[in-house]
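The chain contents come next:
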Amino acid sequence: MSAPPDGTGPLMSQTAFVQALDLDFSFGQRRILQGLSLNLQRGEALALFGPNGAGKTTLLRLLATLLQPSKGEAFVDGIPLARRSERAKARRRIGFLSHQSMLYERLTARDNLRFYARMYGVEDPERRCAELFEQVELEGREDDPVEEYSRGMQQRLALARALVHDPDLVLLDEPFSGLDPRATLRLGTLLADLARRGKAVLFTSHDLEAGLSMAHRVAILWGGTLAYEARREELTLDMLARVYSSLAERVA
Amino acid sequence: MRVRSATLTICGKDLRQELRTRESFTSTFFFSLLVQIVFSFSFDFQKLGLGFEDVGAGILWITLTFSAILSLQNSFLIERERNCLAGLALCPCDPSAVFLGKFLANSLFVLAVQVLILPLSSLFFGYDLLRVLPGLCLVVTVNAVGFSALGTLFAAISVRTRRSELLLPLLLLPAATPVVIWGVKATRLCLSGRPLDSYGYLVALSACFGVIFTVAGVLLFDFVMEE
């Protein structure tokens, strides 16, 4: 485990791999995140639930270094994400699956993966691409243009893109969307494997059942703040659904 | 990742994509061809008592400027699809490599179209291309590269806006006026058969313009890429 960053203050956990401290993010007049704090350990998968507009995607984009918070700080393995000079170092450690695939549709799947592998400085891009095509079950379709892929296949390829450099922090924004049941199960196995290998996984979902089954810990984001947090072993699906409903009623 | 290898990787990706689809090339080439055809039918040089050297520079630069805008626009529109721009921003390379990669690909692309257009213009307007070829190549290359440097930076700035197709020419054309004017003047002198000495200072000015905007792109691209 790495050392915490310098001058982190009393709130900073000594062991957390990902540390988000009192994050605020505004879009115009609207506050998307309001004083959100979150820790994530290595080898842990955290499922983040919440309604549309709760700030889940914004949080992931902040942690991926695509956005900067208006207040607060975030660290990945002690690297401050706000510091411009440290961002490349942090980005080497982060893999991000977004709503949009970030794939070049007119290029083949192989060209896409090879391109990102080179951009991340992967040592043997061809071998890594072959491994990933096997993991996401796209062997035999590597040389098809991405525009000929179905929605689910594009999602699987986007996942391979996010994992191409074997990141230590995997951020997945609604990874189950567009996947068939078999691919969803396969993704669950992949997430478990990532966590077993010591990766920190943070994913958002609207599917309470799938999310709960694949996470070590769950959190509910509501109105830009962390409204609920629990370990999986403390919860059943019914309990989680009740908590979610009661939060919705309270807000209504 | 080293800037040079990231630059070449991005440039290679853009060229591969263009070779696969030929989207930019087709529109740019046929636009350029159309401009040449229209002008060749519009002017009766003999009747007007003009030679190609009198109006040719204008015709060539109208073609070059607008065909370059078409390709510059496309180079960032392909990054906007599926939010590939964010994919590039997430890569752990220096952001200047993204600028340099796109700039290199754009410059090569603009020059490739000119390589085809110049012989065609010689056919349409009946001037001796071989006589002016070295000078013309120098002028076109230096000015096209300078124009691409500025255009790449502005295309990246405008791509996140809703009306990027409209915004890019609005931003680019006024700012690129000096390099276009120097290009037109140098081309006219070159087509008139003057030696390089007579228009060398114009080429040097255009080269300075290109260097300034390349350096600006390298320094500013980190901020341009930010959401």
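Here, every reference points to the structure presented above.
**Student:** Help me understand the overall build of chain B, please; the structure alone is not making it clear to me.
**Tutor:** Helix and strand counts for chain B stand at nine helices and zero strands. When the helices and strands of chain B are read in sequence order from the N terminus, they spell out α-α-α-α-α-α-α-α-α. Here the C-alpha radius of gyration of chain B, 18 Å, is about what a compact globule of 227 residues would show, namely 17 Å. Expressed along its principal axes, the backbone C-alpha trace of chain B runs to roughly 60 × 35 × 30 Å. Here chain B holds 227 residues, and the buried ones make up 53% of them. Look at the contacts in chain B between residues 6 or more apart in sequence, and 83% of them connect residues 24 or more apart. Entry remark: accessible area of chain B is about 10100 Å², with carbon and sulfur atoms responsible for 67%. With 17 positive and 15 negative side-chain charges, chain B shows a spacing of 2 Å between the two charge centroids.

**Student:** It is not clear to me how the environment of B:G183 should be interpreted in this structure. Could you clarify?
**Tutor:** Residues and elements named next belong to chain B. Note that G183 resides in helix α8 (residues 164-191). G183 sits in the buried class, given a relative accessible area of 0%. Once the C-alpha coordinates of G183 and V203 are considered, the two residues, 20 residues apart in sequence, prove to be 7.5 Å apart. When sequence neighbours within four positions are dropped, the list of residues in contact with G183 reads W61, V139 and N143.

**Student:** Could you clarify how one ought to interpret the state of the cysteines in this entry?
**Tutor:** In a disulfide, the sulfur atoms of two cysteines are held together by a covalent bond. Across all of its chains, the model carries zero disulfides over all chains by this definition. Of all cysteine sulfurs, the one in B:C93 lies closest to B:C91, which takes part in no disulfide; the gap is 5.6 Å.

**Student:** Where do I start with the interface of chain A and chain B in this structure?
**Tutor:** Interface size is commonly expressed as the accessible surface area that is lost when the partners come together. Taken residue by residue, the interface counts 29 residues in chain A and 28 residues in chain B. Both faces considered, chain A and chain B share a buried interface measuring about 2800 Å² in area, 57% of it formed by carbon and sulfur atoms. Summed over the three residues of chain A that lose the most area to chain B, namely A:Y104, A:R106 and A:M119, the buried surface amounts to 28% of that side. The salt bridge partner of A:R87 is B:E226, with a shortest N-O separation of 3.4 Å.

**Student:** Got a minute to help me understand helix α6 (residues 181-196) of chain A in this structure?
**Tutor:** Since there are 3.6 residues in each turn of an α-helix, residues three or four apart along the chain are aligned in direction. Residue and element names in this part refer to chain A. Along its 16 residues, α6 runs 23 Å from first to last C-alpha, staying within 8% of the 22 Å computed at 1.5 Å per residue. Burial in α6 covers these residues: A183, T184, L187, G188, L190, L191, L194 and A195. Seen along its axis, α6 keeps its buried residues to an arc of 165 degrees; they face one direction. Opposite the buried face of α6, by more than 90 degrees, sit the exposed residues P181, R182, L185 and R196. Where α6 ends, the next residue or the one after it, G198, has phi of about 90 degrees, a positive value.

**Student:** Please explain the sheet that holds strand β8 (residues 200-204) of chain A as it appears in this structure.
**Tutor:** Within a sheet, neighbouring strands are paired by backbone hydrogen bonds and run either parallel or antiparallel to one another. Residues and elements named next belong to chain A. Pairing within the open sheet is mixed, and its six strands lie in the order β6-β7-β8-β3-β9-β10. Since the sheet does not close on itself, it has two edges, and those belong to β6 (94-97) and β10 (225-231), each with one partner. Taken over all neighbouring pairs, the strand axes of this sheet differ in orientation by 15 degrees on average, direction set aside. Those strands touched by helix α8 (residues 237-251) are β3 (45-49), β9 (217-222) and β10, and its axis lies near 10 degrees from that of β9.

The rules behind each value
Residues numbered from 1 in each chain as written. Chains lettered and ligands numbered in written order. Predicted model: local features only at pLDDT ≥ 70, side-chain atom pairs only at ≥ 80, totals over all residues. Heavy atoms only, no water. Helix = DSSP H or I, 4+ residues; strand = E, 2+ residues; numbered from the N terminus. Rg over C-alpha atoms; globule rule 2.2 N^0.38 Å. Buried < 20%, exposed > 50% of the residue type's maximum accessible area, 1.4 Å probe, protein only. Contact = heavy atoms within 4.5 Å. Areas by Shrake-Rupley, 256 points an atom, 1.4 Å probe, with all protein chains shown as cover. Lys, Arg positive; Asp, Glu negative; His and termini not counted. Charge placed at Lys NZ, Arg CZ, Asp CG, Glu CD. Disulfide = S-S within 2.5 Å. Buried area = accessible area lost by both parts, 1.4 Å probe. Salt bridge = Lys/Arg side-chain N within 4 Å of Asp/Glu carboxyl O. Expected span 1.5 Å × (residues − 1). Arc of directions from axis to C-beta. Pairing = 2+ DSSP bridges. Axes fitted to C-alpha atoms, helices over the stretch in contact; angles between N-to-C directions.

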